[in-house]
Amino acid sequence: MDVFIAQIINGLSQGSIYVLLVTAFNLMLLVARIIQFAYPQFVVLAMYASWLVLEKSGNVILAALAAIAVSVLLNLLSEPIFRRINNIEKIDINASFVASMGLSMIIVEIMSHSINNGFPVSFPDYWTGENIIDFNYINIGRGELAALLGGIILVALFFYLLYHTHYGRVFRAIAEDRKTAKKVGLPILKSNLLSYLIAGILGGIIAILFSMFLGSASPWLGETVALKVLAVSITAGLGNLTGGLYVGLGLGILESLAIGYFSGSWSDVIAFLLMLVVVLSKPQGLFGAALE
Amino acid sequence: MSDNLLEIKNMELKYGSIRAVKGIDLSLKKGEIVSLIGSNGAGKSSLLKGIMNIEKKSGKVIFKDKDITKLSTEKIVSRGISIIPEGHLIFSSMSVWENLQLGHYQGNNKIDIKNIYEYFPILEERKEQKAGTLSGGEQQMLSIGRALLAGPELILVDEPSLGLAPQVVNNIFKIMKRLNEEGYTILLAEQNVKRSLELADRAYVLKTGEIIKEGSASQMKVKKWMYL
């Protein structure tokens, strides 16, 4: 029972990270109409930024700010590239996917050549933290708790923004019917830019939580995570924010239980097999795609 | 300072190789209702889309003596022109209140949602309801309400009667009359010639993207058989 509880808590923490990633991914998909495959790479690069600052100064606040700054910068710098593909007149989601894969590969190469000689980096203990709860098999670290609480708070804030603020309403209107939004003069380009900014801030915070949770980062981490984020989004229903929440948490728990009861190396296979079954039986995803 | 609130000079609008609007000149004075009459494909909607920059066009659009030809739709709305698009377009997954709010934040907040509820009490009754569950007529009212909340001086109305029951059309035209009496200038594109001329001060008759006739609505009524 202890193993089960420990793995569920761990899974919820891991799932919170997926939920945050898929939420930002879906936001850009719904508002800017891009499949931003490079987004998890931006997050990993932001993790590297905080690691570099920690190495140089040991200052956790500076490291956290560096993660947010790098993530915001990368997302905003990618906006003009995607604006060339998707502007107010034309939309090409497939081209955005290819462009983001290109960006993703460039970032992997930068990380594997330029930072720590391409070796994975390890975050110091004062960043990841000690176990807060240590009872039999149940060990809850600061990183796990931070990921779980951070996930809950950020998702709650995001949904508040979406349903209770002016820009949230504009986002939802554009997501529902971009053509009508354009006809009635809603600020599409400004909203696109804002979605990149929000994804950037969110990405920085995800980088902090993810590095606290994992305690390490490698140049290839982003690719695996990007595949999972894409799979979660498709399994939930492309662009379905609520669906992403459930499936993201579900994937975290599933992987964690697979690690607990089978073998860590099989966790991805089990998770992807289940998602394959879902997509084959429900091509629009478990909760229905928000985009046609 | 010109008398005209809106002036269009030599507007051309193409869809690929098809010229939907062919060098149209048109003007509207403050407080007028001007009707664009013509059959399907005459270029009425394209002309309105050209004014709002929803579709790319050439020529000039002057509003309140300022050149707005190259402004984005969003900027044009904030300058004081709203469009009520064809097909009562609303955001169906959002509530009535949220749809109205979208208009409210676009403009200068000259009017309040309460004013819209005075025009259309049914919208207040259904403010929490998803807009997609409204009837066609109610959706059209919502579309008008959203456009008004942007605080326009000029309203472009594209085929307001399309697909609506006669009784509902009566209400919509009554509302437009009232809006005009309250100072709004209206450019109306409508296939229903009779209804349109009853409401308008002046009219332009369009055929295959060109103006073939213009004059006061009363003159047009006499010869309306010519254009039906």
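Residues numbered from 1 in each chain as written. Chains lettered and ligands numbered in written order. Predicted model: local features only at pLDDT ≥ 70, side-chain atom pairs only at ≥ 80, totals over all residues. Heavy atoms only, no water.

A. Just helix α6 (residues 136–149) of chain B, in detail. Under the 1.5 Å per step criterion, the end-to-end length of α6 of chain B is 20 Å for 14 residues, consistent within 8% with the ideal 20 Å. Two residues or fewer past α6 of chain B, G151 of chain B is found with a positive phi of approximately 70°. (Helix = DSSP H or I, 4+ residues; strand = E, 2+ residues; numbered from the N terminus. Expected span 1.5 Å × (residues − 1).)

B. Region of interest: the packing of aromatic side chains. Residues and elements named next belong to chain A. A full pass over the atoms with the stated rule returns six aromatic pairs over all chains. Look at F37 and F97: their rings are 5.7 Å apart centre to centre, the planes differ by 80°, and that puts the pair in the edge-to-face class. Linking F37 in the loop between α1 (2–31) and α2 (39–56) with F97 in helix α4 (residues 93–114), this pair joins segments that are 60 residues apart in sequence. Under the relative-accessibility criterion, F37 is labelled buried at 9%. (Phe/Tyr/Trp six-rings, centres within 6.5 Å; stacked < 30°, edge-to-face > 60°. Buried < 20%, exposed > 50% of the residue type's maximum accessible area, 1.4 Å probe, protein only.)

C. Representation of the environment of L249 of chain A within the structure. Along the chain, L249 of chain A falls in helix α11 (residues 241–261). For L249 of chain A and Q14 of chain A, which are 235 residues apart along the polypeptide, the C-alpha to C-alpha distance reads 7.6 Å.

D. Quick look at the packing of helix α10 (residues 221–236) of chain A against helix α12 (residues 267–281) of chain A. Residue and element names in this part refer to chain A. Their axes nearest at 10 Å, the elements α10 and α12 cross at an angle of 30°. Between α10 and α12, the angle is such that the two are roughly parallel. For the crossing formed where α10 meets α12, the hand is left-handed. Between α10 and α12, the contacting residues are T224, L227, K228, A231, V232, I234 and T235 on the first element and D268, F272, M275, V278 and V279 on the second. In the contact of α10 with α12, the residues fall into eight nonpolar, two polar and two charged. (Axes fitted to C-alpha atoms, helices over the stretch in contact; angles between N-to-C directions. Parallel < 35°, antiparallel > 145°, perpendicular 65-115°, else oblique. Left-handed = near helix turned anticlockwise from the far one by under 90°. Contact = heavy atoms within 4.5 Å. Nonpolar A, V, L, I, M, F, W, Y, C, P; charged D, E, K, R; others polar.)

E. Seen up close, the sheet that holds strand β9 (residues 202–207) of chain B. All names here are of chain B. Read from one edge to the other, the open sheet built from six strands follows the order β6-β7-β8-β3-β9-β10, with strand pairing classed as mixed. Every other strand in the sheet has two partners, leaving β6 (81–84) and β10 (210–216) as the edge strands with one partner each. Neighbour-to-neighbour, the strand axes of the sheet open up by a mean angle of 15°, direction not taken into account. Sheet analysis places strand β3 (residues 33–37) next to β9, joined by four bridges and oriented parallel. (Pairing = 2+ DSSP bridges.)

F. Molecular detail of the packing of α1 of chain A against α2 of chain A. All names here are of chain A. At their nearest, the axes of α1 and α2 sit 10 Å apart, and the two run at 130° to each other. Between α1 and α2, the crossing angle belongs to the class labelled oblique. Crossing of α1 over α2 shows right-handed handedness. In this structure, α1 uses L21, A24 and M28 to contact α2, whose residues at the interface are Y39, P40 and V43.

G. Structural detail: unusual backbone geometry. Residue and element names in this part refer to chain B. The residue N10 is not glycine, and still its phi comes out positive at about 50°. Relative to the assigned elements, N10 resides in strand β1 (residues 4–15). We classify N10 as partly exposed; its relative accessible area is 46%. Of note, N53 is a non-glycine position whose phi angle comes to about 60°, a positive value. As for its placement among the helices and strands, N53 is situated in the loop between α1 (44–51) and β4 (58–63).

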